[in-house]
Amino acid sequence: MATIKATSPCCGDVELKPAQVRLVVCSVNDWSYYSFGCTHCGDEVRKPAGVEVQGLLRTGGVPVEHWVVPAEALEEHAGPAISYDDVLDFALRLQSLETPVAALIALRPGLSGGLRTAG
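The sections below set out a description of the structure shown in this document. (Residues numbered from 1 in each chain as written. Predicted model: local features only at pLDDT ≥ 70, side-chain atom pairs only at ≥ 80, totals over all residues. Heavy atoms only, no water.)

## Section: the side chain of serine 8
Mapped onto the fold, serine 8 is located in strand 1 (residues 4-8). The exposure class assigned to serine 8 is buried, which follows from its relative accessible area of 2%. Excluding anything up to four places from it in sequence, serine 8 contacts Val14, Phe36, Cys38 and Val45. (Helix = DSSP H or I, 4+ residues; strand = E, 2+ residues; numbered from the N terminus. Buried < 20%, exposed > 50% of the residue type's maximum accessible area, 1.4 Å probe, protein only. Contact = heavy atoms within 4.5 Å.)

## Regarding the sheet that holds strand 5 (residues 44-48)
Strand order in the open sheet formed by four strands is 5-4-3-6, and the pairing between neighbours is mixed. Edge positions in the sheet fall to strand 5 and strand 6 (64-67), since each of these pairs with one other strand and no more. Mean inter-strand twist for the sheet, computed between neighbouring axes without regard to direction, equals 25°. By the bridge criterion, five bridges tie strand 4 (residues 33-37) to strand 5 in an arrangement that is antiparallel. Note on strand 5: the bridge partner recorded for glycine 37 is glutamate 44. Packed on one face of the sheet, helix 1 (residues 51-59) meets strand 3 (21-26), strand 4 and strand 6 and runs near 135° to strand 3. (Pairing = 2+ DSSP bridges. Axes fitted to C-alpha atoms, helices over the stretch in contact; angles between N-to-C directions.)

Listed below in C-alpha coordinates is the structure:
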(Lines give C-alpha, C1' and ligand atoms only; values in the text may rest on other atoms or scores of the structure.)
Protein backbone atom coordinates (compact mmCIF):
# COMPACT_ATOMS: atom_id res chain seq x y z
CA MET A 1 0.00 0.00 0.00
CA ALA A 2 1.30 3.45 -0.93
CA THR A 3 2.21 6.01 1.69
CA ILE A 4 1.32 9.59 0.89
CA LYS A 5 3.40 12.37 2.38
CA ALA A 6 1.66 15.67 2.98
CA THR A 7 2.33 18.75 5.06
CA SER A 8 0.15 20.02 7.86
CA PRO A 9 0.53 23.77 8.55
CA CYS A 10 0.71 23.11 12.31
CA CYS A 11 2.56 19.80 12.55
CA GLY A 12 4.75 19.62 9.46
CA ASP A 13 5.15 16.44 7.41
CA VAL A 14 2.64 13.63 7.96
CA GLU A 15 2.31 10.20 6.36
CA LEU A 16 -1.11 9.08 5.22
CA LYS A 17 -2.78 6.07 3.67
CA PRO A 18 -4.80 6.63 0.49
CA ALA A 19 -8.05 6.11 2.43
CA GLN A 20 -7.13 9.06 4.68
CA VAL A 21 -6.99 11.50 1.77
CA ARG A 22 -9.97 13.02 -0.05
CA LEU A 23 -9.40 14.18 -3.64
CA VAL A 24 -12.12 16.35 -5.18
CA VAL A 25 -11.70 17.12 -8.88
CA CYS A 26 -13.88 20.02 -10.00
CA SER A 27 -15.10 20.93 -13.48
CA VAL A 28 -13.40 24.30 -12.77
CA ASN A 29 -9.86 23.01 -12.37
CA ASP A 30 -8.74 25.84 -10.05
CA TRP A 31 -11.38 24.69 -7.53
CA SER A 32 -10.05 21.12 -7.27
CA TYR A 33 -8.57 20.23 -3.88
CA TYR A 34 -7.40 17.46 -1.61
CA SER A 35 -7.93 17.27 2.11
CA PHE A 36 -6.91 15.11 5.04
CA GLY A 37 -7.12 15.00 8.79
CA CYS A 38 -3.72 15.65 10.37
CA THR A 39 -2.61 12.44 12.06
CA HIS A 40 -0.97 14.43 14.89
CA CYS A 41 -3.42 17.19 15.85
CA GLY A 42 -6.59 16.08 14.03
CA ASP A 43 -7.05 19.39 12.18
CA GLU A 44 -8.67 19.20 8.75
CA VAL A 45 -6.17 20.36 6.13
CA ARG A 46 -7.36 21.42 2.66
CA LYS A 47 -5.03 22.28 -0.21
CA PRO A 48 -5.38 23.03 -3.93
CA ALA A 49 -4.96 20.06 -6.25
CA GLY A 50 -3.58 21.05 -9.61
CA VAL A 51 -3.29 18.54 -12.44
CA GLU A 52 0.13 17.28 -11.26
CA VAL A 53 -1.05 16.74 -7.67
CA GLN A 54 -4.20 15.01 -8.92
CA GLY A 55 -2.05 12.61 -10.95
CA LEU A 56 0.22 11.82 -8.00
CA LEU A 57 -2.70 11.18 -5.66
CA ARG A 58 -4.48 8.98 -8.22
CA THR A 59 -1.30 6.98 -8.74
CA GLY A 60 -1.05 6.59 -4.97
CA GLY A 61 -4.51 5.02 -4.87
CA VAL A 62 -6.58 7.95 -3.60
CA PRO A 63 -10.19 7.65 -4.81
CA VAL A 64 -11.45 10.58 -6.87
CA GLU A 65 -14.66 12.47 -6.21
CA HIS A 66 -15.92 14.51 -9.14
CA TRP A 67 -17.65 17.84 -8.59
CA VAL A 68 -19.43 19.59 -11.45
CA VAL A 69 -20.17 23.25 -10.83
CA PRO A 70 -23.65 24.13 -12.14
CA ALA A 71 -23.51 26.54 -15.08
CA GLU A 72 -25.69 29.00 -13.17
CA ALA A 73 -22.93 29.44 -10.58
CA LEU A 74 -20.54 30.62 -13.29
CA GLU A 75 -22.89 33.16 -14.90
CA GLU A 76 -22.09 36.86 -14.81
CA HIS A 77 -24.59 38.83 -12.75
CA ALA A 78 -25.35 42.54 -13.06
CA GLY A 79 -26.87 44.85 -10.50
CA PRO A 80 -26.51 45.10 -6.77
CA ALA A 81 -26.24 42.01 -4.60
CA ILE A 82 -29.29 40.90 -2.64
CA SER A 83 -29.09 42.20 0.91
CA TYR A 84 -30.34 40.68 4.16
CA ASP A 85 -33.09 43.31 4.14
CA ASP A 86 -34.19 42.14 0.68
CA VAL A 87 -34.42 38.54 1.92
CA LEU A 88 -36.31 39.60 5.03
CA ASP A 89 -38.75 41.72 2.99
CA PHE A 90 -39.34 38.75 0.69
CA ALA A 91 -39.94 36.36 3.61
CA LEU A 92 -42.36 38.79 5.26
CA ARG A 93 -44.23 39.29 1.98
CA LEU A 94 -44.60 35.54 1.49
CA GLN A 95 -45.75 35.13 5.08
CA SER A 96 -48.46 37.75 4.61
CA LEU A 97 -49.96 35.95 1.60
CA GLU A 98 -52.42 33.11 1.80
CA THR A 99 -50.75 31.70 -1.29
CA PRO A 100 -47.68 33.00 -3.13
CA VAL A 101 -49.34 32.46 -6.52
CA ALA A 102 -50.89 35.94 -6.51
CA ALA A 103 -47.49 37.54 -5.95
CA LEU A 104 -45.93 35.46 -8.71
CA ILE A 105 -48.65 36.40 -11.16
CA ALA A 106 -48.16 40.06 -10.32
CA LEU A 107 -44.46 39.69 -11.14
CA ARG A 108 -44.96 37.67 -14.33
CA PRO A 109 -48.38 38.24 -15.89
CA GLY A 110 -49.36 35.44 -18.22
CA LEU A 111 -48.03 32.65 -16.00
CA SER A 112 -51.32 32.08 -14.20
CA GLY A 113 -52.30 29.21 -16.50
CA GLY A 114 -49.21 27.21 -15.53
CA LEU A 115 -49.34 27.79 -11.78
CA ARG A 116 -51.40 25.64 -9.49
CA THR A 117 -51.85 25.80 -5.74
CA ALA A 118 -51.39 22.75 -3.59
CA GLY A 119 -54.48 21.51 -1.97
